[in-house]
Amino acid sequence: MAKHAVEANFDGLVGPTHNYAGLSWGNVASKSNVNAVSNPKQAALQGLAKMKALADRGYMQGVLPPHERPHVPTLRALGFEGSDEQILHAAVKQNPAILAAVSSASTMWTANAATVSPSADTADHRVHFTPANLSAKFHRSIEHEVTGRALKAIFRDEQYFAHHSALPSVSHFGDEGAANHTRLCSHYGEPGVELFVYGQQAFNQQAPAPVKYPARQTLEASQAVARLHGLADRNTVFAQQNPAAIDAGVFHNDVIAVGNGNCLFYHELAFLDETRVLADIRERLAGTELEAIKVSGQQVPLEDAVSSYLFNSQLLNSPDGMLLVVPGECREIASVSRYLDELVASDGPITSVEVMDVKQSMRNGGGPACLRLRVVLNDEERHAINQGVVLTDELYQRLTSWVETHYRDRLVQEDLADPKLLNEVRQALDELTGILHLGPIYDFQR
């Protein structure tokens, strides 16, 4: 029997070491802004402002914490020895690229944190979480352990929530989490269709694959997550992303498609076999009509879609249809801005557009959809989570004050070796775990 449920958004707080190191090969924005001066304080406040705007509209909004960076335990595992200060000094002297990698604030993009399956879809009727191994990029492959601790600290009650370990951290099972996963349904509390999008088949060298940039998600990883979550065939569709799109800078599916409810909003180059993908979704959405909104290359060239992050937007239910939350860059590119006006006027399911300023994140290659992890919760599950992470007016004020107190407003690569920065980060995060009632999730606290 279907239960009332909502889709909550859990946004990642931007961390104090937000910087532009250009670590993500295949992410055009990340590479194009390498070594620019970043503003961690502004980035965190922009993210909080987006969360607050959606909470004020009545959406359930949660907060996920940043990770400890620079991550000294990783440097120790790589053979650097001595005090924290000596380790940072040795790392920047011997290999500054490694120090940059273990200092990345990439956990802000929580669409990559995990794959989440609602209880309406799973065999045991619990919400299932699998942290993404993010094995394609070293700086992100070190995230999943602390991500898992944070998720367990928020979704604690085993009666309602099931937690899995990340898949093996090898290329054959490369898993990028919800950035390559979306869910379509009639109502959130009813069984839906979980769409897993992959870039290549790891065990089939003859299958289509990109040639310029790596495919970060494999079919085998997506299938493994579906098995772990107890999803039936009737609840799953596996679709290959168009290799040409990956080679054009579409490193995750959420850069070229987004879904919500019975609506799939996508670029014509999103899928390798668009006809089959739509047919499979429609077959499994029996009783519910799929609203497929295809954007042609003539309407929005792929290059414009990537640079504007039109599809890396949040698609949300609203009283008058669906709301599309887009980054400000969408209004700066003529083809995209014109298309958005046509979209709203088309009498389709998407009836309004709202612009959010997340420019600090965008410069590193992440739009509004990158910053959030979607978790469908029924009423019992909502009450069972750690309420300390649910954004209220009071929590927003506390977090804003926390950012103003602890964050720098200017950061360059040379600052990453500063022991004072590491101490600032640890002091900030130690205070944050108290604010959010998370307990000791960080290595330095354990």
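A brief report on the enclosed structure follows. (Residues numbered from 1 in each chain as written. Predicted model: local features only at pLDDT ≥ 70, side-chain atom pairs only at ≥ 80, totals over all residues. Heavy atoms only, no water.)

The number of helices and strands found in the chain is 16 helices and 15 strands. For 446 residues, the compact-globule estimate of 2.2 N^0.38 gives 22 Å, and the chain sits close to it at 21 Å. The dimensions of the chain, computed from C-alpha atoms along their principal axes, are 60 × 45 × 45 Å. Here the chain, with 446 residues, has 61% of them falling under the buried criterion. Partitioning the intrachain contacts of the chain with sequence separation of at least 6 by distance along the chain shows that 77% fall at a separation of at least 24. Summed over its atoms, the accessible surface of the chain is roughly 17000 Å², and 48% of this surface lies on carbon and sulfur atoms. Placing the 37 positive and 52 negative side-chain charges of the chain at their respective mean positions leaves the two points 4 Å apart. (Helix = DSSP H or I, 4+ residues; strand = E, 2+ residues; numbered from the N terminus. Rg over C-alpha atoms; globule rule 2.2 N^0.38 Å. Buried < 20%, exposed > 50% of the residue type's maximum accessible area, 1.4 Å probe, protein only. Contact = heavy atoms within 4.5 Å. Areas by Shrake-Rupley, 256 points an atom, 1.4 Å probe, with all protein chains shown as cover. Lys, Arg positive; Asp, Glu negative; His and termini not counted. Charge placed at Lys NZ, Arg CZ, Asp CG, Glu CD.)

A separate point is helix α7 (residues 144-154). Along an α-helix, a turn takes 3.6 residues, which lines up residues three or four apart on a common side. Of all the eleven residues making up α7, eight are buried; the element is thus mostly covered by neighbouring parts of the structure. In the core, the buried residues of α7 are packed alongside β1 (5-12), β2 (61-64), β3 (114-117), β4 (127-131), β5 (161-163) and β15 (372-378).

Take the sheet that holds β15 next. If you trace the three strands from one edge of the open sheet to the other, you get β2-β1-β15, paired in mixed fashion. Because the sheet does not close on itself, it has two edges, and the strands there are β2 and β15. Each adjacent strand pair in this sheet contributes to an overall mean axis angle of 30°, direction not counted. Here β1 runs beside β2; their pairing, made up of four bridges, is parallel. Its bridge partner being in β2, F10 is matched across the sheet by G62. (Pairing = 2+ DSSP bridges. Axes fitted to C-alpha atoms, helices over the stretch in contact; angles between N-to-C directions.)

With that settled, the discussion passes to the pairing of β15. Most of β15 is tucked away, with seven of its seven residues classed as buried. Going residue by residue along β15, you find R372, R374, V376 and N378 tucked away on one face and L373, V375 and L377 tucked away on the opposite face as well. As defined by bridge partners, β1 adjoins β15 across seven bridges and the pair is classed as antiparallel. Following the sheet pairing, E7 is matched in β15 by V376.

Time to look at the nonpolar core. Core analysis: the largest hydrophobic core is formed by 95 residues, its most contacted members being F155 and F271. For this core, the leading source of residues is helix α16 (residues 419-435), giving seven residues. Aside from chain neighbours lying at most four places away, what touches F271 is L195, V197, A239, Q240, Q241, N242, N253, A257, L264, Y266 and V277. Ranked by size, the runner-up nonpolar core spans 20 residues in total, among them V258, C263, F265 and L340. (Core = buried A, V, L, I, M, F, W, Y, C linked by side-chain atoms within 4.5 Å.)

Moving on: the pairing of strand β6 (residues 181-184). The side-chain alternation of β6 yields two buried faces, one formed by H181 and R183 and the other by T182 and L184. As paired elements, β6 and strand β7 (residues 193-198) share four bridges and run antiparallel to each other. Residue pairing in the sheet places L184 in a bridge with V193 of β7.

Next up on the list: the packing of aromatic side chains. Applying the stated criterion across every chain, the model contains twelve aromatic pairs. For the ring pair F265 and F311, a centre distance of 4.8 Å and an interplane angle of 40° mean the geometry is tilted. Pair noted here: F265 is in strand β10 (residues 263-267) and F311 is in the loop between α11 (302-308) and β12 (314-318), with a separation of 46 residues, a long-range link. Per residue, the accessibility class of F265 equals that of F311, and both read buried. For the pair F265 and Y339, a centre-to-centre distance of 6.3 Å together with 15° between the ring planes defines the contact as stacked. With F265 in strand β10 and Y339 in helix α12 (residues 334-345), the pair connects residues that are 74 residues apart, well separated along the chain. On the accessibility criterion, F265 (0% relative accessible area) is buried. Residue Y339 is classed as buried on the basis of its relative accessible area of 5%. Taking the ring centre of Y396 as reference, the NZ or CZ of K52 above it sits at 5.5 Å. (Phe/Tyr/Trp six-rings, centres within 6.5 Å; stacked < 30°, edge-to-face > 60°. Lys NZ or Arg CZ within 6 Å of the ring centre and 35° of its normal.)

Right, let's get into helix α2 (residues 40-56). An ideal rise of 1.5 Å per residue puts 24 Å on 17 residues; α2 measures up with 24 Å between its terminal C-alpha atoms. Within α2, burial applies to P40, K41, A43, A44, Q46, G47, L48, K50, M51, K52 and L54. (Expected span 1.5 Å × (residues − 1).)

In the structure shown here, the tally under the stated rule is zero disulfides. The thiol of C185 is not disulfide-bonded; the next cysteine sulfur, from C263, is found 12 Å away. Under the relative-accessibility criterion, C185 is labelled buried at 2%. (Disulfide = S-S within 2.5 Å.)

In this section: the pattern of salt bridges. This structure, assessed with the given rule, holds 22 salt bridges. The residue R408 makes a salt bridge to D418 at a minimum N-O spacing of 3.2 Å. Of this pair, R408 sits in the loop between α15 (393-406) and α16 while D418 is found in the loop between α15 and α16, placing the two residues ten residues apart along the sequence. On the accessibility criterion, D418 (22% relative accessible area) is partly exposed. Taken together, the shared-partner salt bridges connect E68, R76, D84 and R426 into one network. (Salt bridge = Lys/Arg side-chain N within 4 Å of Asp/Glu carboxyl O.)

A separate point is the side chain of R374. Tracing the backbone shows R374 in strand β15. Side-chain polar atoms of R374 contact the side chain of T182, separated by 2.8 Å. A polar contact of 2.7 Å, which involves the side chain of R374, links it to the backbone oxygen of G259. When residues no more than four places from it in sequence are discounted, the contact partners of R374 are E7, A8, N9, V116, H181, T182 and G259. (Polar contact = N/O pair within 3.5 Å; in protein donor to acceptor, adjacent residues only side chain to side chain.)

In this section: the sheet that holds β7. Taken in spatial order, the three strands make up an open sheet running β6-β7-β8, and their pairing is mixed. Sheet topology places β6 and β8 (236-240) at the edges, where each strand pairs with a single neighbour. Strand-to-strand twist of the sheet, defined as the mean angle between neighbouring strand axes without regard to direction, takes the value 25°. Packing of helix α8 (residues 219-228) onto the sheet brings it into contact with β7 and β8, and relative to β7 it is tilted by some 155°.

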